[in-house]
Amino acid sequence: MSPTDSLGVTWPALTERVDPVRGLDRWAAAEPALAGIGTVGELAEIVHDGGDRARADELLGALVRLGAVDGGDEEDAALLVAHLLGNGTRKLALQLRDLSGDIDDLLAGELWLQIRTFPWRRRRRAYAKSLLLDTRLAVLAELRPYRNRAGLDRITLVDPIARAAENHATADCAGLLDRPFLDLHDEDEPSLLDLLEWAQRSGVIDRADAALLIELMRAADGMGQADRDVSAGRGLNRADEVSAVAARHGVHEKTIWRRRARALSALRDASGQYLAAVA
């Protein structure tokens, strides 16, 4: 068992699915670095050979841009990246095995999210190293209490379902997280986007966590939850949002729950600092 076994698509199945005409040739139109690559197997040989690291990085970069949601949004390209980094994720699984019984699933799900949300406009080299490091840090943050970059007190992870059931009794700014994403706010009142922008600048959460929270909010709005206080039986709960986002990213719902819980916990713990900053 290894993290690549948890991706849902095997390497043989993926190589059949991404044929030269429907996959590589079409992708090469958007990413010229892929031009001349005959098969997925040939691409893998170049990446794994180690003889031309610059070329390997160039190819991975092309696939990462294609696989990112805000790039080509090609899920097969993202799967290719995940499989090509299989040796790295296997090493991570061995290092972190004692932290969780389902470490393979955790690593596979986290790597997938890192690929799909990779900041390709800002990071333009060392794709394998960046993805593996970000994946390792994110998994450790989920499995251990951690001190974030803003130097806040240690944050202890909590049951995400219990956290999801919290009401507006928490700090005022935390209530923003329970509003529809597309809801209008008073000009003098902090908005969700203001909170997330501050949290990223302050190091409370990272870009990927902010993007995930926004996607969850949009999923709720798209499902008709323009008002969270809809009549019983008519509205959808957070499990529906998580299920929709997990399906969109092709990962287990537990991965989304963990990421959501971690981000909300960090935001709520930092609420006092945020309110002081915007006062």
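Now for a description of the structure that goes with this document. (Residues numbered from 1 in each chain as written. Predicted model: local features only at pLDDT ≥ 70, side-chain atom pairs only at ≥ 80, totals over all residues. Heavy atoms only, no water.)

Here's the deal with the overall build of the protein
Point 1. Helices and strands together make up the secondary structure of the protein, namely 14 helices and 0 strands.
Point 2. For the protein, the sequential pattern of α-helices and β-strands runs α-α-α-α-α-α-α-α-α-α-α-α-α-α.
Point 3. If you take every contact in the protein between residues at least 6 apart in sequence, the share linking residues at least 24 apart comes to 66%.
Point 4. Only carbon and sulfur atoms are counted for the fraction: they give 50% of the accessible area of the protein, which is about 13800 Å². (Helix = DSSP H or I, 4+ residues; strand = E, 2+ residues; numbered from the N terminus. Contact = heavy atoms within 4.5 Å. Areas by Shrake-Rupley, 256 points an atom, 1.4 Å probe, with all protein chains shown as cover.)

Thoughts on the pattern of salt bridges
For side chains of opposite charge, pairing can occur when their charged atoms come near one another.
Point 1. Under the definition given, this model contains 14 salt bridges.
Point 2. Notably, a salt bridge pairs D76 with R17, separated by 2.6 Å at the nearest N-O pair. Placement of the pair is D76 in helix 5 (residues 75-84) and R17 in helix 1 (residues 11-17), with a sequence separation of 59 residues.
Point 3. With its nearest N and O atoms 3.5 Å apart, the salt bridge here joins R258 to D102. Placement of R258 in helix 13 (residues 253-269) and of D102 in the loop between helix 6 (86-96) and helix 7 (103-116) is noted, with a sequence separation of 156 residues between them.
Point 4. Its relative accessible area of 18% is what places D102 among the buried residues. (Salt bridge = Lys/Arg side-chain N within 4 Å of Asp/Glu carboxyl O. Buried < 20%, exposed > 50% of the residue type's maximum accessible area, 1.4 Å probe, protein only.)

Side note on the packing of aromatic side chains
Two measures describe an aromatic ring pair: the distance that separates the ring centres and the angle between the ring planes.
Point 1. Counting across every chain of the model gives 1 aromatic pair.
Point 2. For the pair F118 and Y127, a centre-to-centre distance of 5.8 Å together with 50° between the ring planes defines the contact as tilted. Y127 shares its class with F118; the two are buried. (Phe/Tyr/Trp six-rings, centres within 6.5 Å; stacked < 30°, edge-to-face > 60°.)

Here's the deal with the nonpolar core
Point 1. With 56 residues, the main nonpolar core has W27, L34, L43, L63, V81, L131 and I256 as its most contacted residues.
Point 2. At 8 residues, the largest contribution of residues to this core is made by helix 7.
Point 3. Contact partners of L34, with chain neighbours within four places excluded, come to W27, A28, L43, L59, A62, L63 and L66.
Point 4. Counting residues in hydrophobic clusters, the runner-up holds 15 residues, among them L196, L213, I214 and A266. (Core = buried A, V, L, I, M, F, W, Y, C linked by side-chain atoms within 4.5 Å.)

Here's the deal with helix 4 (residues 53-67)
Point 1. Between its first and last C-alpha, helix 4 extends 21 Å over 15 residues, near the 21 Å set by a 1.5 Å rise per residue.
Point 2. Those residues of helix 4 lying buried are A56, D57, L59, L60, G61, A62, L63, V64, L66 and G67.
Point 3. For helix 4, the secondary structure elements touched by its buried residues are helix 2 (20-30), helix 3 (40-49), helix 5, helix 7 and helix 8 (127-143). (Expected span 1.5 Å × (residues − 1).)

Let's talk about the environment of W112
Point 1. Structurally, W112 can be placed in helix 7.
Point 2. On the basis of relative accessibility, which here comes to 4%, the residue W112 falls in the buried class.

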